[in-house]
Amino acid sequence: MRNWLFLSKGNKDPYINMFATGCKSSTVDSNKYNINDDDSDRPIVLRGILKKKIIQKCWKIGRDFYYIDTGYFGNEVNNDNPHGWKFWHRIVKNKLQHNEIIERPDDRFSKFKKTINPWKKTGRKILLAKPDEKPMRFYGLDIEEWTANTVNEIKKYTDRPIEIRERNPNRIDRAVNDTLLNALDNDVFALVTFNSIAAVESVFHGIPAFTLAPVNAASPVSCQDISKIETPYYPDKDKIYAWGCHLAYGQFHVDEMRTGRAKSMLENL
């Protein structure tokens, strides 16, 4: 297995550290790391979208990197995870999210017991899931300006009421008291978002999504054209299932990171 370079902020990032340990490797303090002084070609492992300079440099010079962030599903409150802990993390090669469908076995996806709800076409509202500040900074966008522009763009093509949803800063509240699913069930016709993985949950829940970021995991099963807000994309169940199987092969349990299995799988995908 090829050696990877694990960047851990202050050498204290718990997920990077456990992943490095599972791969029998050490970490490098990202606060002291300068990619311009590194002439190796070792793939870089990093977590957090604000590692912008490193990511963009990797894109520019064609150096491989693995980006770690929250998983697409499995972290919600359920019987296997009653507290909604972040057990699952996506690990993406050379991108921020998986935004395609590659044929995969269904062994991993089937274990999540995800329900693919029929499309609900009776809702009245457009739910705009407002992005977080960090991805906006990565893309050089202002949150409030993006939100206002997106609302105005939606209004060009529909007179449906628009509800803006801001992510609750308290994870427990998001997972239990102020869930996205509750919001989607409140007379919603379609969800519009930037890069949020809320679009993933929306599609599984039977609410069509519009994804406006350069990459979003739900892009293959959603629409990117706001002018079609009244005629959303409704992919069939087989496509959604294949998409779910692909996403399941792009996210890993913390135990798989601790043992090095995640690295082995990534190198063989």
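Our structure is the block above this text.
What counts, and at which threshold
- Residues numbered from 1 in each chain as written.
- Predicted model: local features only at pLDDT ≥ 70, side-chain atom pairs only at ≥ 80, totals over all residues.
- Heavy atoms only, no water.
- Helix = DSSP H or I, 4+ residues; strand = E, 2+ residues; numbered from the N terminus.
- Rg over C-alpha atoms; globule rule 2.2 N^0.38 Å.
- Buried < 20%, exposed > 50% of the residue type's maximum accessible area, 1.4 Å probe, protein only.
- Areas by Shrake-Rupley, 256 points an atom, 1.4 Å probe, with all protein chains shown as cover.
- Pairing = 2+ DSSP bridges.
- Axes fitted to C-alpha atoms, helices over the stretch in contact; angles between N-to-C directions.
- Contact = heavy atoms within 4.5 Å.
- Left-handed = near helix turned anticlockwise from the far one by under 90°.
- Nonpolar A, V, L, I, M, F, W, Y, C, P; charged D, E, K, R; others polar.
- Core = buried A, V, L, I, M, F, W, Y, C linked by side-chain atoms within 4.5 Å.
- Phe/Tyr/Trp six-rings, centres within 6.5 Å; stacked < 30°, edge-to-face > 60°.
- Lys NZ or Arg CZ within 6 Å of the ring centre and 35° of its normal.

Novice: I keep staring at the overall build of the chain and nothing clicks. Help me out?
Specialist: In terms of regular secondary structure, the chain is built from 11 helices and 10 strands. Relative to a compact globule of 269 residues, whose C-alpha radius of gyration would be 18 Å, the chain shows 19 Å and is just as compact. The principal-axis extents of the C-alpha atoms in the chain amount to approximately 55 × 40 × 35 Å. The buried share among the 269 residues of the chain stands at 50%. As displayed, the chain has an accessible area near 13500 Å², and 47% of this comes from carbon and sulfur atoms.

Novice: I'm lost on the sheet that holds strand S9 (residues 209-211) in this one. Help?
Specialist: Within a sheet, neighbouring strands are paired by backbone hydrogen bonds and run either parallel or antiparallel to one another. Strand order in this open sheet of 4 strands is S7-S6-S8-S9, and the pairing throughout is parallel. At either end of the open sheet lies a strand with only one pairing partner, and these are strand S7 (162-165) and S9. Shown here is a sheet whose adjacent strand axes are inclined to one another by a mean of 20 degrees, direction ignored. Where strand S8 (residues 188-193) meets S9, 3 bridges bridge the pair, whose relative direction is parallel. Residue pairing across strands places Leu-191 opposite Ala-209, the latter belonging to S9. Across the sheet, helix H8 (residues 198-205) touches strand S6 (125-129), S8 and S9, and the angle it forms with S8 is around 155 degrees.

Novice: How do you make sense of the packing of H8 against helix H9 (residues 237-248) when you look at a structure like this?
Specialist: If you want to describe how two helices pack, look at the angle between their axes and the distance between the axes. One can describe the packing of H8 onto H9 by two numbers: an axis separation of 11 Å at closest approach and a directional angle of 145 degrees. Pair H8 / H9 crosses with left-handed handedness. Contacts between H8 and H9 pair Val-200, Val-203 and Phe-204 from the former with Ile-240, Trp-243, Gly-244 and Leu-247 from the latter. For the contact of H8 with H9, the residue count by class is 6 nonpolar, 1 polar and no charged.

Novice: Could you clarify how one ought to interpret the pairing of strand S5 (residues 88-93) in this entry?
Specialist: Side chains on a regular strand alternate between the two faces of the sheet. In terms of burial, S5 is largely enclosed, as 5 of its 6 residues are buried. Note that strand S4 (residues 65-70) and S5 share 5 bridges and pair antiparallel. Its bridge partner being in S5, Ile-68 is matched across the sheet by Ile-91.

Novice: How should the sheet that holds strand S3 (residues 44-47) be read in this particular structure?
Specialist: An order of S2-S1-S3-S4-S5-S10 is seen for the 6 strands of this open sheet, with the pairing classed as mixed. Here the strands that pair on one side only, and so sit at the sheet edges, are strand S2 (27-29) and strand S10 (251-253). Neighbour to neighbour, the strand axes of the sheet diverge by 30 degrees on average, direction disregarded. Both S5 and S10 contribute to a ladder of 3 bridges, which runs antiparallel. Bridge pairing in S10 links Arg-90 to Gln-251.

Novice: Before we go on, may I ask you to explain the nonpolar core in this structure?
Specialist: Soluble globular proteins tend to bury their nonpolar side chains together. Core analysis: the largest hydrophobic core is formed by 29 residues, its most contacted members being Phe-73, Leu-191, Val-200, Phe-204 and Trp-243. Among the secondary structure elements, those contributing two or more residues to this core are S5, S6, helix H7 (180-184), S8, H8 and H9. If sequence neighbours within four positions are ignored, Val-200 has contacts with Tyr-72, Phe-73, Ala-217, Ala-218, Trp-243 and Leu-247. Judged by nonpolar contacts, the second largest core, of 19 residues, contains Phe-6, Met-18, Phe-19 and Tyr-249.

Novice: When you look at unusual backbone geometry in this model, what are you seeing that I'm missing?
Specialist: Phi at Asn-11 is positive, roughly 55 degrees, even though this residue is not glycine. One can find Asn-11 in the loop between strand S1 (5-8) and helix H1 (14-22). For Lys-24, which is not a glycine, the phi torsion comes out positive at approximately 55 degrees. Relative to the assigned elements, Lys-24 resides in the loop between H1 and S2. On the basis of relative accessible area, Lys-24 is assigned to the exposed category, the value being 79%.

Novice: Would you mind going over the packing of aromatic side chains with me for this structure?
Specialist: The description of two aromatic rings rests on the distance between their centres and on the angle between their planes. Per the counting criterion, the structure on display carries 17 aromatic pairs. Sitting over the ring of Tyr-234, Lys-121 keeps its end group 4.4 Å from the ring centre. Against the face of Phe-189 rests Arg-160, its NZ or CZ located 3.7 Å from the ring centre.

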